[in-house]
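One-letter residues, chain by chain:
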Amino acid sequence: MTEGNSTAAEQVALDVSGVDELIDRFAALSETHGAEGVTRLGYTPLEREAHQVFATFMSHLGLSVHSDAAGNTIAELPGDGRPDGIGTGSHLDSVPHGGRFDGIVGVVAAMLCAQTLAADDYHPRHPLRFVAFANEEGARFGQACNGSRLAAGTTDAEALGELRDRDGISVLEAMRSVGLDPDRLDEARWRREDWDSFIEMHIEQGSVLADGADDIGLVDTISGSTRLRLTVHGVASHSGGTPMLARHDALVSASAIVLAANDLALDAEHFGTRITIGRIIASPNSMTTIPGEVTLDVDIRDVDTDRQRQTALTLIARAKETAALHDTSLDAHLIADTAPTLLSRRIIELASRETDRLGMVHRVLASGASHDTQQISRVCETGMLFVPSLHHGVSHSPDEFSRAEDIARGVQALTGLLTALDMADEQPAS
Ligand code: HGY
Ligand code: MN
Ligand code: MN
């Protein structure tokens, strides 16, 4: 870091112990622990408890705090009266058996940034808003970013009523179970006139930064995702009495489809496309019965919009062919679809100037993972800062790891970027 010109704020931002303490506090709010990773699913009491930790921390700093009908929690440092706020934040829910850092790092960064600005007695021109989004992971209900979608107006109560978890509980029922009121979801909508820009800090969930010994990633594109549920229909029958040539084995057929999907993602024209079938349910799931039905949950990611959608159509066509070849049939259902998102060049330019000033090495890169920022891009100008993921970038796993000093450095860059954005429209256009 450049010596000499660091302000008190920058010194405070390198508070590594503050990072560790908050990461530990959130990690303790989990159904699982240690080698089992963190499990804090969206719209559960544990997620709401994490929002309460965030709210209490922010109100102790003197910020006004409220949780809206979508379960998003927003703390505000008031500006000089103009309405358009500058925001930062991320999500507090996890995938099952996930890591300690996904989403949490962006909320901890918002907390420590607010702490730094409060310690510096910073009086912003724009309102500064620090946000914890609800239910970002798609792991429980299939569609990601429910809280930020409600903020951006890209989903509604009717659509959320259709999304169900593996116990058949809908998003709306889960919201009610934790005291939220889905009948007031319109109140959670963010108005364009209330927002200038939004920045999310997040772990990279890849190994580009760590491999390149870079301090900070500036994201230019967030991958899109198309999520399908493929259902293979065969005939359940006795595993002993049914001759091999008389079978309609849905699992054999589904296995061929999984391999066909993998081959599709690996072919030359799909370099950059990622296809994952992370959830498979065979029924009746009994050793002595030939599987009669298998559902495959497919996640297709890409930074190229047309290719992402075309891949989904090609995959469905190939899956239908493969199912027929194995004397079974196939239904395809679209669970969710989000386009790849380009982030603000102006914010990347401001962020690269800030990281240069702070003596940090930055790299511009795409995000393979999806994020709340993708939804908020429909409300205002957005940017993302990545901090390095170690352990070969593994994420959505107990082995997910980022160093506290890298996170603290990210907090410093975030704080600098927020104040640069706050002052940006003060300077005459160059
Ligand atoms: O699935 C994702 O990319 C994100 O972690 N929700
Ligand atoms: Mn995340
Ligand atoms: Mn995630």
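Just so it is clear, the structure is predicted and the values come from calculations on it, not from any experiment.

Draft legend 1. Expanded view of the domain arrangement of the protein chain. When its domains are assigned, the protein chain resolves into domain 1 (3-223 + 340-426) and domain 2 (225-338). The straight-line distance from the C-alpha centre of domain 1 to that of domain 2 is 34 Å. Each partner contributes residues to the interface: domain 1 has 15 residues there, and domain 2 has 14 residues. A combined buried area of about 1,100 Å² lies between domain 1 and domain 2, and 47% of that area is made up of carbon and sulfur atoms. The largest share of the area that domain 1 buries against domain 2 comes from R166, S223 and P340, three residues that together contribute 43% of it. Our enumeration of links across domain 1 and domain 2 arrives at zero salt bridges. Along the contact surface separating domain 1 from domain 2 lie five residue pairs in polar contact (both at pLDDT 80 or more). Here the side of domain 1 that touches domain 2 is built from residues that sort into four nonpolar, nine polar and two charged.

Draft legend 2. Just the coordination of the manganese ion (ligand 2), in detail. For the manganese ion (ligand 2), the full set of protein donor atoms is H91 (NE2), D102 (OD) and H202 (NE2), at a range of 2.1 to 2.3 Å. Each donor residue of the manganese ion (ligand 2) lies on the same chain, and together they follow the pattern H-x10-D-x99-H. If you look at the manganese ion (ligand 2) and the manganese ion (ligand 3), they sit 3.5 Å from each other and are both ligated by D102. With H91 in strand β3 (residues 85-91) and D102 in the loop between β3 and α4 (104-119), this pair connects stretches of sequence that are 11 residues apart. The residues H91 and D102 share a single accessibility class, namely buried.

Reading the values: the criteria
- Residues numbered from 1 in each chain as written.
- Chains lettered and ligands numbered in written order.
- Predicted model: local features only at pLDDT ≥ 70, side-chain atom pairs only at ≥ 80, totals over all residues.
- Heavy atoms only, no water.
- Domains from an automatic or database assignment.
- Contact = heavy atoms within 4.5 Å.
- Buried area = accessible area lost by both parts, 1.4 Å probe.
- Salt bridge = Lys/Arg side-chain N within 4 Å of Asp/Glu carboxyl O.
- Polar contact = N/O pair within 3.5 Å; in protein donor to acceptor, adjacent residues only side chain to side chain.
- Nonpolar A, V, L, I, M, F, W, Y, C, P; charged D, E, K, R; others polar.
- Donors = N, O, S within 2.8 Å, 3.2 Å for Na, K, Ca; no water.
- Helix = DSSP H or I, 4+ residues; strand = E, 2+ residues; numbered from the N terminus.
- Buried < 20%, exposed > 50% of the residue type's maximum accessible area, 1.4 Å probe, protein only.

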